[in-house]
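Inside the fold
Read off the chains here:
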Amino acid sequence: MSQAPTDLLTGLLTDLRAAIGADHVLTEPADLSTYGTDWRGAFRGTPLAVVRPASTNEVSQVVRLTHDAGVAIVPQGGNTGMCGGAVPSGDGDQIVLSLGRMRTIRDVDATGATITVDAGVVLVEVQAAAATAGRLFPLSLGSEGSCTIGGNIATNAGGTAVLRYGMMRNLVLGLEVVLPDGRVWDGLRSLRKDNTGYDLTQLFIGSEGTLGVVTGAVLALHPATPVRATAWVALPSVAAAADLLAVLRDRAGDRLSTWELVSRPARDLVVGQGVHDPLPSSAEWFGLIEIAGPAGSNVGDDLEAALGDGLAAGLVLEAVVAGSPAQRQGLWELRERITEAQETLGPTIKHDVSVPITALASLVSRLGPALQTALPGIRPIIFGHVGDGNLHYNLSRPVDLPGESFLARAADLSAIVHDCTAELAGSISAEHGLGSSKAASAAAYKSEVEVSVMRAVKDALDPSGLMNPGKVLTLE
Ligand code: FAD
Ligand code: 2HG
Ligand code: ZN
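What you see is a predicted model, and the numbers here were worked out from it, not measured in a lab.

On to the nonpolar core, then. By size, the foremost hydrophobic cluster in this structure holds 56 residues, and its most contacted members are L97, F137, I149, I153, L175 and L219. Apart from the residues within four sequence positions on either side, I153 is in contact with M168, V172, L175, F204, I205, G206, V214 and A217. Among the nonpolar cores identified, the runner-up in size contains 47 residues, and L163, L256, L391 and L401 belong to it.

This brings us to the packing of helix α13 (residues 360-374) against helix α15 (residues 410-423). Put simply, α13 and α15 touch, their axes get as near as 10 Å, and they point 155° apart. On the basis of their axis angle, the class for α13 and α15 is roughly antiparallel. Judged by the twist between their axes, the crossing of α13 over α15 is right-handed. Residue-level contacts link L363, R366, L367, A370, L371 and A374 of α13 to L413, I416, V417, C420, T421 and E423 of α15. The residue makeup of the contact of α13 with α15, split by class, is nine nonpolar, one polar and two charged.

What follows is about the coordination of the zinc ion (ligand 3). Donor atoms from the polypeptide that bind the zinc ion (ligand 3) are H385 (NE2), H392 (NE2) and E431 (OE), placed at 1.9 to 2.1 Å. Counting along the primary sequence, the residues that act as donors to the zinc ion (ligand 3) give the motif H-x6-H-x38-E. By relative accessible area, H385 is classed as buried at 3%. We classify H392 as buried; its relative accessible area is 5%.

With that out of the way, let us pick up the environment of E404. Tracing the backbone shows E404 in helix α14 (residues 403-407). Considered as a pair, E404 and P347 are 57 residues apart in the sequence and their alpha carbons are 8.3 Å apart.

In the vicinity of ligand 1 lie 35 residues, with P75, G77, T80, S143 and T148 positioned nearest. Contacts to ligand 1 include G85, whose backbone N or O atom sits 3.2 Å from an oxygen atom. Here a nitrogen atom of ligand 1 and a backbone polar atom of G159 are 3.4 Å apart. For ligand 1, the protein covers 94% of the area, taking 970 Å² as the surface of the free molecule. If you list the elements that add at least two residues to the shell around ligand 1, you get β3 (72-76), α5 (149-155) and β10 (213-220). The biggest single contributor to the shell around ligand 1 is α5, with five residues. A breakdown of the residues in the shell around ligand 1 according to their chemical character gives 12 nonpolar, 21 polar and two charged.

Looking at ligand 2, the residues that line it are M82, R335, T339, K350, F383, H385, H392, N394, E431 and H432. Residue R335 places a side-chain N or O atom 2.6 Å away from an oxygen atom belonging to ligand 2. For ligand 2, an oxygen atom lies 3.0 Å from a polar atom in the side chain of E431. A total of 290 Å² of accessible area belongs to ligand 2 in isolation, and the protein chains cover 88% of it.

It is worth spelling out the sheet that holds strand β12 (residues 227-235) at this point. Across the sheet, which stays open at both edges, the seven strands sit in the order β15-β12-β14-β13-β17-β18-β16 with antiparallel pairing between neighbours. Each edge of the sheet is formed by a strand with only one pairing partner; in this case those strands are β15 (318-321) and β16 (352-354). On average, each strand axis in the sheet is inclined to that of its neighbour by 20°, with strand direction left out of account. Where β16 meets strand β18 (residues 390-396), three bridges bridge the pair, whose relative direction is antiparallel.

For the structure on display, the rule yields 17 salt bridges. The residue E450 makes a salt bridge to K446 at a minimum N-O spacing of 2.9 Å. Look at E450 and you get partly exposed, because its relative accessible area is 38%. By relative accessible area, K446 is classed as partly exposed at 31%. Notably, a salt bridge pairs D462 with K458, separated by 2.8 Å at the nearest N-O pair. Across this residue pair, the class does not change: D462 and K458 are buried. Here the residues in one salt-bridge network are R106, D118 and E176, joined through shared partners.

Calculation criteria
Residues numbered from 1 in each chain as written. Chains lettered and ligands numbered in written order. Predicted model: local features only at pLDDT ≥ 70, side-chain atom pairs only at ≥ 80, totals over all residues. Heavy atoms only, no water. Core = buried A, V, L, I, M, F, W, Y, C linked by side-chain atoms within 4.5 Å. Buried < 20%, exposed > 50% of the residue type's maximum accessible area, 1.4 Å probe, protein only. Contact = heavy atoms within 4.5 Å. Axes fitted to C-alpha atoms, helices over the stretch in contact; angles between N-to-C directions. Helix = DSSP H or I, 4+ residues; strand = E, 2+ residues; numbered from the N terminus. Parallel < 35°, antiparallel > 145°, perpendicular 65-115°, else oblique. Left-handed = near helix turned anticlockwise from the far one by under 90°. Nonpolar A, V, L, I, M, F, W, Y, C, P; charged D, E, K, R; others polar. Donors = N, O, S within 2.8 Å, 3.2 Å for Na, K, Ca; no water. Near = heavy atom within 4 Å. Polar contact = N/O pair within 3.5 Å; in protein donor to acceptor, adjacent residues only side chain to side chain. Areas by Shrake-Rupley, 256 points an atom, 1.4 Å probe, with all protein chains shown as cover. Pairing = 2+ DSSP bridges. Salt bridge = Lys/Arg side-chain N within 4 Å of Asp/Glu carboxyl O.

Following this line, the structure appears as structure tokens:
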């Protein structure tokens, strides 16, 4: 429900229309509902308005006007986030600032191996521009057709190539940011080395829109890897998946780009929805391996040797290797379709945890019985980036339990997952961030010292608390 705008808010909307054009200040209920709801419908808010500036200068004007009016801003990219970070509160008093009109690729430098883009450019467009220049932008996510570079930066996104290239923070060289008072920080440097004090670029990465609005970025490109060898394997256990990482690395070195884990219920779910299963094994665990290299490289030999070692050591039960691009695509679908497939089981209680790789098996073996005891019939759909020690331990309701009753149990079920993760020296958010849904939990698992330093940083940059309030840090 929308609040009746006061004179101040009416004046603000008039000023915003003058700054960026009336067509780009949205107040129709249908627009407010679209921008106020995340892609799953799991988080719903009510924006006061949605603003769609087209340039850094316009973003700066918008932020200055809202700051002066004391109105909070919620930056939004593709709205594909998992934790409600881009969704405003339900009070009708926050403005969603969409970067959707900032879609320019400003520069591609194949020699310097950089690309400079607006924050609203969609990830797949950056990948394509890099490929056209004979380079690779390696960030790879299931949402790459809709998520934006600004969102990837704000969440420090991970994905399926982290074990080779690192997370988004390893791929960003420089940033342009509109600060909470409207000033523009131009840090669009393409330097590989720059030790001139505190690293502001890294500070903004992963800050989920709570310290400023990212408007542009210089990203690092990598050599293209057109030759790929891809396998789908059946595994005896999670411990074997962790051990196989060392075998894969021994054979492929840094050419190993993907090592993903899929549980049997997750595999069965996507296969049940029509994805071809080339390995109808009754194993409990499966994995997707990809090794990639430049033209002329023998990644196929590396993969074959690694699979041979894995089979001999009992770490792999069976394997199938893609023989064509279409088959490769089919294997990737077994992994990438899980998120969407799980939504058909009712509401999902998501967990994005990481532990040291050697503790993965322990995490899984402890959580299974604990969750079944807490809620008999609960259906864990487990998958993730095993090479990074990162599992998505997602929960679906027992078949006979209504979705709402299941969601009412979210706090105690998540506490089981998060407590166990913490006992194993892990993190309760490996790659999705905290948003609004995990801010309180994160504070509970961090030391007072760490939380107070984070608050000090927030207060220094955003003393009025108007930049995405209630995300990352709880409201006090
Ligand atoms: P949004 O959802 O719009 O926003 C996310 C956060 O960033 C919010 O806090 C928002 O306020 C802030 N923000 C957005 N743009 C800006 C900006 N320009 N300046 C400042 N703050 C901003 N994530 C992974 O890490 N790994 C995965 O493998 C992965 N796979 C996914 C698969 C699917 C099918 C889906 C739906 C999501 C997946 N995600 C994954 C989550 C999500 O796609 C990423 O978090 C992505 O980085 C979010 O980008 P976005 O543009 O959609 O951001
Ligand atoms: C993935 O790895 C994403 O596919 C999505 O991070 C995870 O659905 C999820 O929880
Ligand atoms: Zn993931």
